[in-house]
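# Commentary on secondary and tertiary structure
Here's the letter readout for the chains.
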Amino acid sequence: MDQTRIAELFAADAQRAREMSCEDVGFYLDYSKQRVSVETLELLRNLARQQQLETWRERLFNGEHVNNTENRAALHMALRAPRAADFRDAGRRVGPEVHAVLDRMAEFCERVRSGQWRGATGKRITDVVNIGIGGSDLGPRLVCEALAASIDGPRPHFVANVDGADLHAILARLRPETTMFVVVSKTFTTQETLVNALHARAWIVSSLDIEAVSKHFVAVSTNQEAVEAFGIDADHMFSFWDWVGGRYSLWSAVGLSIMLALGPQRFTGLLRGAHAMDTHFRRAPLQQNLPVLLGLLAIWNHNFLGCATQVLAPYAQRLSLFVSWAQQLEMESNGKSVTREGRRVDYATTPALWGNVGTNAQHAYFQMLHQGPAVHPVDFILPVYAEHPYKDMHKKLVANCLAQASALMRGKSAQEVRAELVARGLEGEALEAAVPHRVFPGNRPSNMLLMPRVDPFHLGALLALYEHRTFVMSVIWGINAFDQWGVEFGKQLANRILDPKSDLPLDPSTDELMHKLQLRMR
Ligand code: F6P
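Keep in mind that this is a model prediction, so the values were computed, not measured.

## Things to note about the packing of helix H6 (residues 95-114) against helix H13 (residues 264-283)
Where H6 contacts H13, the two axes come as close as 10 Å, and the packing angle between them is 145°. Where H6 approaches H13, its residues Leu102, Met105, Ala106, Glu110 and Arg113 are matched on the opposing element by Pro264, Phe267 and Leu271. Across the contact of H6 with H13, the residue classes break down as 6 nonpolar, no polar and 2 charged.

So this is what it looks like as structure tokens:
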């Protein structure tokens, strides 16, 4: 296939565009512009069977401890399943607890949204600040941004960075009397979150008083002890469970700021969409299974065709935070070099994932995608209906999206370029000098994923689709997608650098930098 041109595959099979597509849950995936034949797809499915994808999928859904290094299940699907669903952790049904928390969240959100819950001075809560980082930030932030047009509750804000500029900029716009903080941390030990929460608390206490904390702070965590030690009452805490990975957690109480802003009904819509995608992933045969197809095609491009990175290009301003969310999802899950059993892999695992919304990205790095020497496959994501009144603009957005995918695949030969330039009157040396700069190599693969619109249901389904794609890839690579030991070491060293009494040696470069910083910071 390395020598095969996608355009020739189209020429040889008039049905290719129709046949290499898959449709369910309102999504339509066209993967005919991938550098694959029918045989390639068959071989990829064989690879999936050899790696026991179907068995691993069942293990995942059955609550087996697929996160073997932490001896935990990864049951995020249970968070979005209907009440009657039968998901179990260690034999125990988790549904009742999940729905008890969802009910509590809904009741709390209704009180805040209706103005029944008021701040310490009796004023309504108009602004909610989500303090959290990584999985305790990116999902809720993305959803609130994507559905911003429907926000009918308190305005959501997000603080994540340990750079105090983040908190400072947001507090400068808010008033303590009308602000609520939702401190979100699975572990409740994360440095960034705790230090931001401490400063936020000081801000409340200094302009109101210590009693006000209970009216202006709630927590979301699995660690009740640490929440209470911080000074937030257990009554004002919403729980989740160790079988929910941080980057898979927006469906749990981690989504509290989403529910506050958008209301329980839209939050339920999000869960329903994700559940529909779970059902599709679990039931659809491999050849008609959206997450399986996306996962296998990504493996094909990365491991077989040698593409080092993968581009995501949502043609939807509302999905402007999708790439940041997907980066944590994919690279924290699959950025590993050992198998589940701890054996070193001798193949590439996750490709670097990057991108931005179209058409903005076209005016930044698409030049490289078209004419750079390396091939970077693209997932185009395109909502069919616009959620704004400017229909003419939506037509242009759609045209641009389709045109980019087509141009990447077709390319433009020297012969075509020459003919165009001759028609414009160029000749001789000037013609020959101009040609190479205008040639497009083409044969660059992409997926086109159409979704009806960016509404709660289809947004939920889209996020679940990429969650399962990540899982599929991890199974092919034989790795555990649900731990993240790689982020621990840096955290330890940061603590070491902060501790003046520690005599643990650092490296000479860091020692020297610390010395320079100390001199300059005086
Ligand atoms: O740094 C990695 C990480 O552990 C992520 O996996 C997680 O989403 C994030 O930090 C935040 O963790 P927590 O919710 O425990 O504060």
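## A closer look at the packing of helix H3 (residues 38-50) against helix H14 (residues 290-304)
Running from N to C, H3 and H14 point in directions that differ by 100°, and their axes come no closer than 10 Å. The orientation of H3 relative to H14 falls into the category roughly perpendicular. Residue-level inspection shows Thr40, Leu41, Leu44, Arg45, Leu47 and Ala48 of H3 in contact with H14, the latter providing Leu296, Leu297, Ile299, Trp300 and Phe304. The residue makeup of the contact of H3 with H14, split by class, is 9 nonpolar, 1 polar and 1 charged.

## Considering the UniProt feature "active site" (unreviewed entry) in the protein
Feature annotation in UniProt assigns "active site" (unreviewed entry) to the following positions: Glu332, His363 and Lys491. The greatest C-alpha distance among the residues just named is 36.7 Å, and with 160 residues of sequence between them they are spread in space as well. Of note, Glu332 is situated in helix H15 (residues 322-334). Residues contacting Glu332, with those up to four places away along its chain left out, are Arg247, Gln327, Asp483, Gln484 and Val487. A distance of 2.8 Å separates a polar atom in the side chain of Glu332 from a polar atom in the side chain of Arg247. Of note, Lys491 is situated in helix H21 (residues 488-498). Of the residues examined, Lys491 reaches a relative accessible area of 43% and is grouped as partly exposed.

## Quick notes on the environment of Ser252
Position of Ser252 relative to the elements: it lies in the loop between strand E9 (237-239) and helix H12 (256-262). Exposure remark for Ser252: the relative accessible area of 3% places this residue in the buried category. As a C-alpha pair, Ser252 and Val183 span 69 residues in sequence and 14 Å in three-dimensional space. Leave out the neighbours within four places in its chain, and Ser252 touches Leu79, Met105, Phe240 and Phe267.

## Observations concerning the site of the ligand
Inspection of the region around the ligand gives 14 residues, with Ser136, Ser185, Thr187, Thr190 and Glu332 positioned closest. Between the ligand and Thr187 there is a distance of 2.6 Å, counted from an oxygen atom to a side-chain nitrogen or oxygen. Within the side chain of Thr190, a nitrogen or oxygen atom sits 2.5 Å from an oxygen atom of the ligand. The protein chains hide 88% of the 390 Å² of surface that the ligand would expose on its own. Among the residues making up the shell around the ligand, the classes are represented as 2 nonpolar, 9 polar and 3 charged.

The rules we used
- One numbering rule holds for all chains: residues counted from 1, following each sequence as written.
- Restriction of local features to residues with pLDDT of at least 70 applies here, the model being predicted, together with a cutoff of 80 or more for giving and counting side-chain atom pairs; totals for whole chains, interfaces and linings are based on all residues.
- Only hydrogens and water are set aside when side-chain values are computed; all heavy atoms of the structure are taken into account.
- Here an angle of 0 to 180 degrees is reported between the N-to-C directions of two axes, which are lines fitted to C-alpha atoms, with helices fitted over the stretch in contact.
- Elements are defined by DSSP. Helices are runs of H or I of four residues or more, strands are runs of E of two residues or more, and each kind is numbered from the N terminus.
- In what follows, residue pairs with any heavy atoms lying within 4.5 Å of each other are defined as contacts.
- Nonpolar residues are Ala, Val, Leu, Ile, Met, Phe, Trp, Tyr, Cys and Pro. Charged residues are Asp, Glu, Lys and Arg, and all others, Gly as well, are polar.
- Oblique is the label for every angle not falling under 35 degrees (roughly parallel), over 145 degrees (roughly antiparallel), or within 65 to 115 degrees (roughly perpendicular).
- UniProt positions are given in the numbering used here, feature names are shortened, and annotations may be inferred rather than shown by experiment.
- For the purposes of these results, a polar contact is taken to be a pair of N or O atoms within 3.5 Å, where, inside protein, one atom must be able to donate a hydrogen and its partner to accept one; residues adjacent in sequence count only when each atom of the pair is a side-chain atom.
- Summary of the burial criterion: residues with accessible area below 20% of their type's maximum are buried, those above 50% are exposed, and those between are partly exposed, where the area comes from a 1.4 Å probe applied to protein chains only.
- The criterion for a residue being near a molecule or strand is simple. One of its heavy atoms has to lie within 4 Å of it.
- The method behind every accessible area is Shrake-Rupley, applied with a 1.4 Å probe, and residues are considered shielded solely by the protein chains displayed.

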